[in-house]
Amino acid sequence: MPDDKRGRDENMDDEQRQQPERKREDVRDRAHEDRAMSGDPGGRLGDLDEVLEAQEYPTTTDELVEAYGDYEIETQGGTESLEEVLAKTDNQTYDSADDVRSRILGLIHR
């Protein structure tokens with residue numbers, strides 16, 4: 001089968017048409033992954049999740065309890081205040097809202 005310019009041009013056109021579609025899929029996949037990696041997917045932290053985003057970091061357990069200790073969190077046994085949940089741990093320093101979420105969610109899943 002001879003290799004002609006028209007055949008190569010058609011293949012190139014097909015490739016170019018597929019490129020934008022591939023890029024859109026990559027962007028969608030990455031966006032979905034980012035959402036899955038941060039935040040409170042189960043909604044167990046309620047309003048506390050939003051205040052953790054606004055909090056300045058680094059912060060400590062004691063500072064979080066002082067500022068947000070009354071916030072209610074859904075646990076396996078019902079609800080507990082942030083103060084009750086964090087009472088199970090020593091004073092620690094957190095660098096981000098994700099650090100705090102991870103710690104809280106780890107404590108309530110025990």
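In case you missed it, the structure is sitting above this.
The rules we used
- Residues numbered from 1 in each chain as written.
- Predicted model: local features only at pLDDT ≥ 70, side-chain atom pairs only at ≥ 80, totals over all residues.
- Heavy atoms only, no water.
- Buried < 20%, exposed > 50% of the residue type's maximum accessible area, 1.4 Å probe, protein only.
- Helix = DSSP H or I, 4+ residues; strand = E, 2+ residues; numbered from the N terminus.
- Pairing = 2+ DSSP bridges.
- Phe/Tyr/Trp six-rings, centres within 6.5 Å; stacked < 30°, edge-to-face > 60°.
- Core = buried A, V, L, I, M, F, W, Y, C linked by side-chain atoms within 4.5 Å.
- Contact = heavy atoms within 4.5 Å.
- Salt bridge = Lys/Arg side-chain N within 4 Å of Asp/Glu carboxyl O.

Participant: What is the right way to read the pairing of strand β2 (residues 72-75) from this model?
Facilitator: Residues in a regular strand point their side chains to alternate faces of the sheet. Residue alternation in β2 divides its side chains into a buried set, I73 and T75, and an unburied set, E72 and E74. By the bridge criterion, four bridges tie β2 to strand β3 (residues 78-81) in an arrangement that is antiparallel. Residue pairing in the sheet places E72 in a bridge with S81 of β3. Hairpin connection of β2 to β3: two residues between the antiparallel strands.

Participant: Sorry if this is basic, but what is going on with the packing of aromatic side chains here?
Facilitator: Centre-to-centre distance and the angle between the planes together describe a pair of aromatic rings. Considering all chains together, one arrives at one aromatic pair under this definition. When the centroid spacing of 5.9 Å and the interplanar angle of 75 degrees are considered together, the rings of Y68 and Y71 count as edge-to-face. With a relative accessible area of 14%, Y68 lands in the buried category.

Participant: So what exactly am I meant to see when it comes to the nonpolar core here?
Facilitator: For soluble globular proteins, the rule of thumb is that nonpolar side chains tend to be buried together. L48, L52, I73 and I104 are the most contacted members of the largest nonpolar core, which totals 17 residues. Among the elements that line this core, the one with the most residues is helix α5 (residues 97-108), at six residues. If we ignore the near neighbours within four places in the chain, the residues touching I73 are R44, L45, L48, G78, T79, E80, L82, V85, I104 and I108.

Participant: Please explain the pattern of salt bridges as it appears in this structure.
Facilitator: Opposite charge on two side chains makes pairing possible when the charged atoms of those side chains draw close. Summed over all chains, the structure comprises four salt bridges. E53 is the partner of R101 in a salt bridge, and the nearest nitrogen-oxygen pair spans 2.3 Å. One end of the pair, R101, is in helix α5; the other, E53, is in helix α2 (residues 48-54), and 48 residues separate them in sequence. The buried category is assigned to R101, whose relative accessible area is 3%. Residue K88 is joined to E80 by a salt bridge in which the shortest nitrogen-to-oxygen separation is 3.5 Å. Judged by its relative accessible area of 44%, K88 falls in the partly exposed class. Each of the salt bridges in this network shares a partner with another, and the network as a whole consists of D49, E53, D98 and R101.

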